[in-house]
Structures are given as structure tokens and as C-alpha cells.
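Listed below, chain by chain, are the residues.
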Amino acid sequence: MDSETAKKMKPESLMMSYGYKPELSEGAVKCPIFQTSTFVFKNAEEGKSFFEVAYGLRNPHEGEELGLIYSRINNPVLEILENRLTLWDGAEDCAVFESGMSAITTVLLEFLKPGDLLLISSPLYGGSDHFIKKILPKFGIHVAEFKVGQCKDDVIKIVEASGHAANLALIYIETPANPTNDLIDISCSKEIAEYFSSSNKNEVYLAVDNTYMGPLWQHPLKHGADLVLYSATKYIGGHSDVIAGACLGSKVLIKRVKGLRTFLGNMAGPNTGWLLLRSLETLKVRMDTQAFNANKIAAFLSGHRNVEKVYFPGNLTEKDGEQFAIKNKQCLTNGAMISFDIKGGEKEAFRFLNSLQLIKLAVSLGSTESLAEHPATMTHVDVDAALRKELSITEKMIRLSTGVENYEDIIFDLNQALEKINL
Ligand SMILES: *Cc1c(COP(=O)(O)O)cnc(C)c1O
């Protein structure tokens, strides 16, 4: 396919072919797993020339791509995967990692230095929260945080009150928040970054963890984000069989991210890359089905007598004011993550979870099979108890990740388990 035709196509039409040249692999219709650590140079001059570009000693010539050197620097499977991932978010470039956490921590280490201030939204994924609050301070990095519902002026005041406003370097947000589905305004976060960029020595960047909506349902770069991050373990991988991560953004910023990745050595391996290439072929059909199912399930839960409250973007209305406006601005669907409070406490919640038959009792999300868990004692057990309460992560909350099963069967399973909670 020529590149002009490719530009006219939707991402899902390109996931089987984009960036792969069969003639370079014996005509194989699928990209093989390039299970190799190193690549043979045609001659010493070529090796020298590849290294000059890889280490930034010279700029590539017009149309020159980075030559294949060593799989910590680049590998054909990863390059094809990265090119395909850019299509969904409309990004210039992408870097793939061996986990979501390695993508996130590499970005934090690349864009922060001792003395800098990092501004985060709260709550964050537990692993990100741990790294930011327990590990970054060891390197002299300060952290300020804001919560859902705080407006631009409140957040500016929080940054100023930290005493490090002049060193604000990065804003890091996660939206929708896990597990409450609370939304943070991406374009407003960008305005805050710009507000401080104008007075600070260096530009303040905005990074968004978009794992919860995946590459289909929310495009943070279009709302002003500089970097978008994924745990590719979730929707992108989508089959609960691989751990991986990704970071997308402009060529200039991803060059920095890939530079640090080379030296931390936390790139994904060829086998992981190949699994993700395979997963991307069905990303659209999987996620369409998950979003469709989630709407049906949320409607069912909202009407069940043993359910007290449902946390789902699709349930937001005009009455929810700002949250509803943010959803309409930046979310393309309601997503497929549903949290709900059942009537009762831990005992009832556990009885519900232990009664499930089709839905698996497991953490993680975005996979083909539906998964349910208890945030208060599992994914969010490490969150400070008072904060947990403030965020409504209580004993009665269940988090459900909607899979691709027939929605009637998922609802059947939820219903029979809900009927058992007060037996
Ligand atoms: C799972 C997850 C991560 C961490 O990703 P891993 O692939 O498990 O390292 C980060 N952010 C969010 C929102 C997640 O759900």
C-alpha cells in the first residue's frame, strides 16, 4: 500500500499490514518474531553510520531510518508495533516498554530532575502513586497533588503553595480515575501547564495515563497532552497474557524517552512485541464489543435492588455539571470499566465475588474475559485509609472490567451473584 492510500484509511484497516514489508521476510504475510539480539552490518562503514544516527552524532539524511543495530536499541517487530500504535492516537512517534510501569517511570525520570516539582492528579494507579511518593523523593523531586473537581484556580494555588512553583516541570494525570471513573479535564490541565510555562525557565509538559480508556475512546494528544501513556497489558494486549507498556507523543519528546529506554534497557522484547501486533488486529472489534456490553451492564446494575450506586461515565447527566461536560468533551464512549457499591459491606461484597461463575475474580482490566475485584482490599489496599474514604473506595465497592462475552450471560452471572449477597 502506498502512503497516500494509508493516510485515507482508518487505523483498524491498517493493523494487519501497516509498516511491514513481506519482501524483507521471505514473503511471510505476517511479521515474524525477530528473535535476535543483534543485527549483521553489511560492512564496517554501515555500522559506523548506524551508530552515528543512534547516538545523535549526526542528523539522519532525508528519509533515512535508524538502521538495525541491537535489540535493546531497536528491533523490526517493535518498530512496526510502534508505528501501528501511533495511528490510533494520531501521534508522531511511540516507544514500547516491557510494562506499563516501565513506560511511566521512564517518562518521570526523563522529564524530572532534583529540585523539580511534579504535579499529579489524585487518585493515581497504585504503582504510579508508589513510585511518585516513595521513590522520586529520594532523588529530591517534590510532589503536589490535586483532586477531581478542583478547578484551574484551585490547582494554580496548590502549585504556588508548594513553594516550588518556579520548578514545576511536569503535570501527570490519569483520567478516568481508577476505580471511581472520576474525570479530570485534559485541556484544562494543559492550560495550567501553559500558565506555568510562561513564567518558568523550562516548558512544563503534560503526561496522561490513558490506560482506562485505551487508544480508541480518548485521545489526550488532541486535547493538548504532550505525552500519552499506556499499560499495554490492558486493552492493547487485551488477552491477559502479556505485560507491556507504551508512550506516545511528538518525535522530539519520544526521542528523549527512547534515549533513556536504551540505557535503562526496559524495552519490550520481540516476543512481547509480536503478541501485541497480533492483539492490535482485533483492538477495534474487541473494544467496540466491550463498550457495547458495558452500557447494557451498567443499565442492569443501576436498576438492581442490591446495588446502591453505579460509577460509570454513561450514568452522568446534566445534573453532574462539570463531570458531564468533561465526559462530552474528551470521552468518545462510556468506556468498559464499571464500579458499583452493593448494599452491605465487605462480607456481602466477598459473597458476591465468591459467587461469580463466568466472571473471573482477578485484578487487571481491558481483557477479553470479564474480571471483577474488590478495590478496598486488593488494588487500592495501599492507598491511605482516609484518602480511600474520601474517594468513596469503600468495603462495598466492586470493580468490573467488561469483557467480550455475550452481555446477557455477563448480566445473568452478575444477577445470580447479587441475589446471593444477603442469603
Ligand atoms: C495496570 C496499570 C498500570 C501499570 O501497568 P503494568 O503493565 O501493570 O506495568 C498503570 N496505569 C494504569 C491506569 C493501570 O491500570
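On a predicted model such as this, the values are computed, not experimentally measured, just so you know.

Student: Would you mind going over the overall build of the protein chain with me for this structure?
Tutor: Counting secondary structure elements, the protein chain contains 16 helices and twelve strands. Taking 22 Å as the expected radius of gyration for a compact globule of 423 residues, we find that the protein chain reaches 22 Å, a close match to that expectation. Projected onto its principal axes, the C-alpha coordinates of the protein chain cover approximately 75 × 55 × 35 Å. Once local pairs closer than 6 in sequence are excluded, the contacts in the protein chain between residues at least 24 apart make up 73%. Accessible surface for the protein chain amounts to roughly 18800 Å². Of this, 54% is attributable to carbon and sulfur atoms. Seen as two clouds, the 44 positive and the 53 negative side-chain charges of the protein chain have centres 1 Å apart.

Student: Where do I start with the domain arrangement of the protein chain in this structure?
Tutor: Interface size is commonly expressed as the accessible surface area that is lost when the partners come together. Partitioning the protein chain into structural domains gives domain 1 (89-250) and domain 2 (283-418). Distance from the C-alpha centre of domain 1 to the C-alpha centre of domain 2: 24 Å. Tallying the contact residues gives 34 residues for domain 1 and 40 residues for domain 2. Both faces combined, the contact of domain 1 with domain 2 buries some 3200 Å², and carbon together with sulfur accounts for 60% of it. Linking domain 1 to domain 2 there are two salt bridges. Of the charged contacts in the structure, one is a salt bridge between aspartate 185 and lysine 329, with a shortest N-O distance of 2.9 Å. Run the count over domain 1 and domain 2 and you get 17 residue pairs in polar contact (both at pLDDT 80 or more).

Student: So what exactly am I meant to see when it comes to the environment of phenylalanine 324 here?
Tutor: Structurally, phenylalanine 324 can be placed in helix α13 (residues 322-330). Classification of phenylalanine 324 as buried rests on a relative accessible area of 18%. Expressed as a C-alpha distance, the spacing of phenylalanine 324 and aspartate 382, which sit 58 residues apart in the sequence, is 30 Å. Beyond its immediate chain neighbours, meaning those up to four positions away, phenylalanine 324 contacts Leu316, Thr317 and Glu318.

Student: Explanation requested: a nonpolar patch on the surface in the structure shown.
Tutor: A cluster of nonpolar residues, Phe51, Tyr55, Leu57 and Phe263, forms a patch on the protein surface that exposes about 470 Å² of accessible area. Within the secondary structure, tyrosine 55 sits in the loop between α3 (44-54) and α4 (76-89). For tyrosine 55, a relative accessible area of 43% gives the class partly exposed.

Student: In this structure, what is going on with the side chain of serine 25? I would like to understand it.
Tutor: Structurally, serine 25 is set in the loop between α2 (11-14) and α3. Of the residues examined, serine 25 reaches a relative accessible area of 10% and is grouped as buried. Residue contacts for serine 25: discarding those within four places in its chain leaves Tyr20, Pro32 and Phe34.

Student: Can you help me understand the site of the ligand in this one?
Tutor: Inspection of the region around the ligand gives 13 residues, with Met101, Asp209, Ser231, Thr233 and Lys234 positioned closest. The backbone of methionine 101 places a nitrogen or oxygen atom 2.8 Å from an oxygen atom of the ligand. For the ligand, an oxygen atom lies 2.6 Å from a polar atom in the side chain of threonine 233. Notes on the ligand: free accessible area 380 Å², of which the protein chains cover 93%. Per element, the largest residue contribution to the shell around the ligand is three residues, and it comes from helix α5 (residues 100-111). Grouping the amino acids of the shell around the ligand by side-chain chemistry returns five nonpolar, five polar and three charged.

Student: Would you explain the pattern of salt bridges in this entry?
Tutor: Between side chains of opposite charge, a pair can form when the charged atoms approach closely. Across all of its chains, the model carries 20 salt bridges by this definition. With its nearest N and O atoms 2.7 Å apart, the salt bridge here joins lysine 284 to aspartate 288. With a gap of four residues between them, lysine 284 and aspartate 288 both fall in helix α12 (residues 283-302), about one helical turn apart. Through salt bridges that share partners, Glu82, Asp93, Lys258 and Arg261 make up one connected network.

Student: I keep staring at the pairing of strand β4 (residues 168-174) and nothing clicks. Help me out?
Tutor: It is a general feature of regular strands that their side chains alternate between the two faces of the sheet. Counting buried positions along β4 yields seven of seven residues, so the element is predominantly enclosed. The pairing of strand β2 (residues 117-122) with β4 spans four bridges and is classified as parallel. Following the sheet pairing, leucine 117 is matched in β4 by leucine 168. Here five bridges tie β4 to strand β5 (residues 205-209), and the two strands are oriented parallel to one another. Looking at β5, one finds that isoleucine 171 is bridged to leucine 206. Assessed by its sense of winding, the connection that carries the chain from β4 through helix α8 (residues 186-199) to β5 is right-handed.

Cut-offs used in this document
- Residues numbered from 1 in each chain as written.
- Predicted model: local features only at pLDDT ≥ 70, side-chain atom pairs only at ≥ 80, totals over all residues.
- Heavy atoms only, no water.
- Helix = DSSP H or I, 4+ residues; strand = E, 2+ residues; numbered from the N terminus.
- Rg over C-alpha atoms; globule rule 2.2 N^0.38 Å.
- Contact = heavy atoms within 4.5 Å.
- Areas by Shrake-Rupley, 256 points an atom, 1.4 Å probe, with all protein chains shown as cover.
- Lys, Arg positive; Asp, Glu negative; His and termini not counted.
- Charge placed at Lys NZ, Arg CZ, Asp CG, Glu CD.
- Domains from an automatic or database assignment.
- Buried area = accessible area lost by both parts, 1.4 Å probe.
- Salt bridge = Lys/Arg side-chain N within 4 Å of Asp/Glu carboxyl O.
- Polar contact = N/O pair within 3.5 Å; in protein donor to acceptor, adjacent residues only side chain to side chain.
- Buried < 20%, exposed > 50% of the residue type's maximum accessible area, 1.4 Å probe, protein only.
- Patch = residues over 30% accessible without salt bridge, like charges linked within 9 Å, V, L, I, M, F, W, Y side chains within 5 Å.
- Near = heavy atom within 4 Å.
- Nonpolar A, V, L, I, M, F, W, Y, C, P; charged D, E, K, R; others polar.
- Pairing = 2+ DSSP bridges.
- Right-handed = clockwise from strand over helix to strand, strands pointing away.

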